[in-house]
Amino acid sequence: MSDIKQQIFQELSALEDATARLRSTAVNAGRQTDLEVAILTEQVKSLREKNARATEMINKSIDIIKNLK
């Protein structure tokens, strides 16, 4: 009987350790996802700014070409 109890406690301990590792993995994955989202947000912001500047330059170029005609 004592052996069975000991085995149950060992299995519960192993299960507890596995659960702790899984929680840690989940937390780290969440942090990585947050970081990736922040990076992508900054990249999109930068691309939008570049797009706005490019649009402005294209419009100025069109105006210059119209004035040359």
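Residue numbers here run from 1 along each chain, matching the order of that chain's written sequence. Under the rules for a predicted model, residues below a pLDDT of 70 receive no local features and side-chain atom pairs below 80 are neither given nor counted, while totals for whole chains, interfaces and linings still include all residues. Just so you know, side-chain values use all the structure's heavy atoms and leave hydrogens and water out.

Engineer: Looking at this model, I keep getting lost on the pattern of salt bridges. Mind explaining?
Structural biologist: Opposite charge on two side chains lets them pair, provided their charged atoms get close. When a carboxyl oxygen of Asp or Glu lies within 4 Å of a side-chain nitrogen of Lys or Arg, that pair is called a salt bridge. Per the counting criterion, the structure on display carries one salt bridge. Residue Lys60 pairs with Glu56 through a salt bridge whose shortest N-O separation is 3.4 Å. Within this pair, Lys60 and its partner Glu56 are both found in helix 1 (residues 2-68), separated by four residues, close to a single helical turn. Helix and strand labels come from DSSP, where a helix needs a run of H or I of at least four residues and a strand needs a run of E of at least two; each type is numbered from the N terminus.

Engineer: Sorry, what's going on with a nonpolar patch on the surface here?
Structural biologist: Like-charged residues within 9 Å of one another, or nonpolar side chains (Val, Leu, Ile, Met, Phe, Trp, Tyr) within 5 Å, are grouped into patches, provided each residue has over 30% relative accessible area and no salt bridge. Computed by Shrake-Rupley with a 1.4 Å probe, the accessible areas treat only the displayed protein chains as cover when residues are assessed. Together, Met1, Ile4, Ile8, Phe9, Leu12 and Leu15 line one region of the surface with nonpolar side chains, adding up to about 680 Å² of accessible area. For Ile8, a relative accessible area of 46% translates into the label partly exposed. Residue burial is assigned from relative accessible area. The probe radius is 1.4 Å, only protein chains are included, and a residue is buried under 20% of its type maximum, exposed over 50%, and partly exposed in between.

Engineer: Looking at this structure, how should I read the environment of Gly30?
Structural biologist: With respect to the element layout, Gly30 can be found in helix 1. Counting along the chain gives 31 residues from Gly30 to Ser61, while the straight-line C-alpha distance between them is 46 Å.

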